[in-house]
Amino acid sequence: MAVQLVNSPFTGSIMKIAVLAGDGIGPEIVAQAVKVLAAMKHDGLKLELEPAPFGGAGYDAHGDPLPEPTLKLARQADAVLCGAVGGPKYDALPRLQRPEQGILRIRKELGLFANLRPALLFEELAGASSLKPELVAGLDILILRELTGDIYFGEPRGRRTNSRGEREGYDTMLYSEPEIRRIAEIGFQAAMKRNRKLCSVDKENVLETSRLWREVVKDVAKNYPHVELSHMYVDNAAMQLVRNPKQFDVIVTGNMFGDILSDEASMLTGSIGMLPSASLDAGNKGLYEPAHGSAPDIAGKNIANPLATILSAAMMLRYTFNLEEAAQRIEAAVKKVLAQGYRTADIYATEMRRVGTSEMGDAVVAAVRQ
Ligand code: IPM
Ligand code: MG
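Residues numbered from 1 in each chain as written. Chains lettered and ligands numbered in written order. Predicted model: local features only at pLDDT ≥ 70, side-chain atom pairs only at ≥ 80, totals over all residues. Heavy atoms only, no water.

Engineer: What is the right way to read the packing of aromatic side chains from this model?
Structural biologist: One pair of aromatic rings is described through two measures. These are the centre distance and the angle between the planes. Enumeration over the complete set of coordinates arrives at three aromatic pairs. Relative to Tyr90, the ring of Tyr59 lies with its centre 6.4 Å away and its plane at 80 degrees, an arrangement referred to as edge-to-face. Note that Tyr59 is positioned in helix α2 (residues 56-62) and Tyr90 in the loop between β3 (79-84) and α4 (99-109), a separation of 31 residues in sequence. The partly exposed category is assigned to Tyr59, whose relative accessible area is 25%. Residue Tyr90 is classed as buried on the basis of its relative accessible area of 7%. Over the ring of Phe153 we find Lys108, and its NZ or CZ is 4.7 Å from the ring centre. (Phe/Tyr/Trp six-rings, centres within 6.5 Å; stacked < 30°, edge-to-face > 60°. Helix = DSSP H or I, 4+ residues; strand = E, 2+ residues; numbered from the N terminus. Buried < 20%, exposed > 50% of the residue type's maximum accessible area, 1.4 Å probe, protein only. Lys NZ or Arg CZ within 6 Å of the ring centre and 35° of its normal.)

Engineer: Looking at this model, I keep getting lost on the site of ligand 1. Mind explaining?
Structural biologist: Surveying the vicinity of ligand 1 reveals the residues Glu100, Ile103, Arg107, Arg117, Arg145, Tyr152 and Asp259. Arg107 is positioned such that a nitrogen or oxygen atom in its side chain is 2.7 Å from an oxygen atom of ligand 1. For ligand 1, an oxygen atom lies 2.5 Å from a polar atom in the side chain of Tyr152. Burial of ligand 1 by the protein amounts to 75% of the accessible area it has alone, namely 320 Å². Among the residues making up the shell around ligand 1, the classes are represented as two nonpolar, no polar and five charged. Looking at which domains feed residues into the shell around ligand 1, each of domain 1 (1-112 + 272-370) and domain 2 (130-269) gives three or more. (Near = heavy atom within 4 Å. Polar contact = N/O pair within 3.5 Å; in protein donor to acceptor, adjacent residues only side chain to side chain. Areas by Shrake-Rupley, 256 points an atom, 1.4 Å probe, with all protein chains shown as cover. Nonpolar A, V, L, I, M, F, W, Y, C, P; charged D, E, K, R; others polar. Domains from an automatic or database assignment.)

Engineer: Looking at this model, I keep getting lost on unusual backbone geometry. Mind explaining?
Structural biologist: Backbone phi values are negative for most residues with the exception of glycine, while trans is the configuration of most peptide bonds. The residue after Glu155, namely Pro156, is reached through a cis peptide bond having omega 0 degrees. Mapped onto the elements of the fold, Pro156 is located in the loop between β5 (140-146) and β6 (158-161). Its identity is not glycine, yet Ala295 carries a phi of approximately 40 degrees, on the positive side. Locating Ala295 in the fold gives a position in the loop between β12 (286-290) and α10 (307-319). Look at Ala295 and you get partly exposed, because its relative accessible area is 23%. With phi around 70 degrees, Glu351 is a residue other than glycine that occupies positive phi space. Note that Glu351 resides in the loop between β13 (342-343) and β14 (353-354). For Glu351, a relative accessible area of 80% translates into the label exposed.

Engineer: Can you help me understand the domain arrangement of the chain in this one?
Structural biologist: One widely used convention gives an interface's size as the accessible area the parts lose upon coming together. Segmentation of the chain into domains returns domain 1 (1-112 + 272-370) and domain 2 (130-269). Between the C-alpha centres of domain 1 and domain 2 there is a distance of 24 Å. Contacts between domain 1 and domain 2 engage 16 residues on the former and 16 residues on the latter. Counting the surface lost from both domain 1 and domain 2, the interface buries some 1500 Å², and carbon and sulfur atoms represent 66% of this. Where domain 1 packs against domain 2, one counts zero salt bridges. Across the contact surface, domain 1 and domain 2 share one residue pair in polar contact (both at pLDDT 80 or more). (Contact = heavy atoms within 4.5 Å. Buried area = accessible area lost by both parts, 1.4 Å probe. Salt bridge = Lys/Arg side-chain N within 4 Å of Asp/Glu carboxyl O.)

Here is the structure:
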């Protein structure tokens, strides 16, 4: 199987996108990304957008966070645009019915093993980062997270009572060699397109899974002599990300470590509300979603930051449809509205133009049209 980060240009005449807005702020932020995509129609982009219930909304509609018709639509679509899932209303449900299960299952069902989470600092937001501006100025790193393996999916898992009558919970951290190989390939290919530095993050001093991980990554490296490969323990990586984040170019890591490190990296860029993501399969297909959650506390108030979702739509044009120019136009529009001073509450600073979710969407629409 040849895994390619960017494939040949999209040749279908209509781009079919399944829109799974989900819960909490999901619907309002996805609406802004849809507006921006619709504004791109002027470039001759033919979009067919089809909504479907997902997450808690899927549970409400069909008693299942990933209802069969939603999965079918996602399979038939060229790409999937997601909002976010989850909320207190669903917290007491059994694990398999919880909204999070919808996102985990769709990743697995569609084989979306490569999760790209770029942490890019827009210079206008340097002051919004929790780190000193000079530490993050010019920051541009890519976290590549394996998304369909590891302790998230390893079997056996469950609950039991041990011989002393105590309750136990257990999960299995597990990676097969082909799973490591294909994500490592993507890591090296991504590095080749960037600054040719790849840092593989593991816990090789403790875990068998990580020992295999490191061995396989080193083996894949033989095909990429121009990439400078380094290895780092995950605890050190967590520390280095806040000590000197600019030392990184591409970080490749497993599902669990990637989950944690990508949240950490998002704060370097000012707000988790800025971090987009792409989850790709071995072909053109992808699921695009902000890296943040459903923020039920601010849902429906028109204050959430839609930029991570809008930037996820840009990633969709880049990776699934291979429309680099159109992707860059959306990214440039986001940069422009930030330069114009538009800020949602999470990135607000004094003397800026505080706007709500839909006004931010409108501002980006106006900027892509120019
Ligand atoms: C993420 C989220 C998910 C994950 C949750 C919602 C299951 O935190 O996409 O990072 O852990 O992968
Ligand atoms: Mg996460």
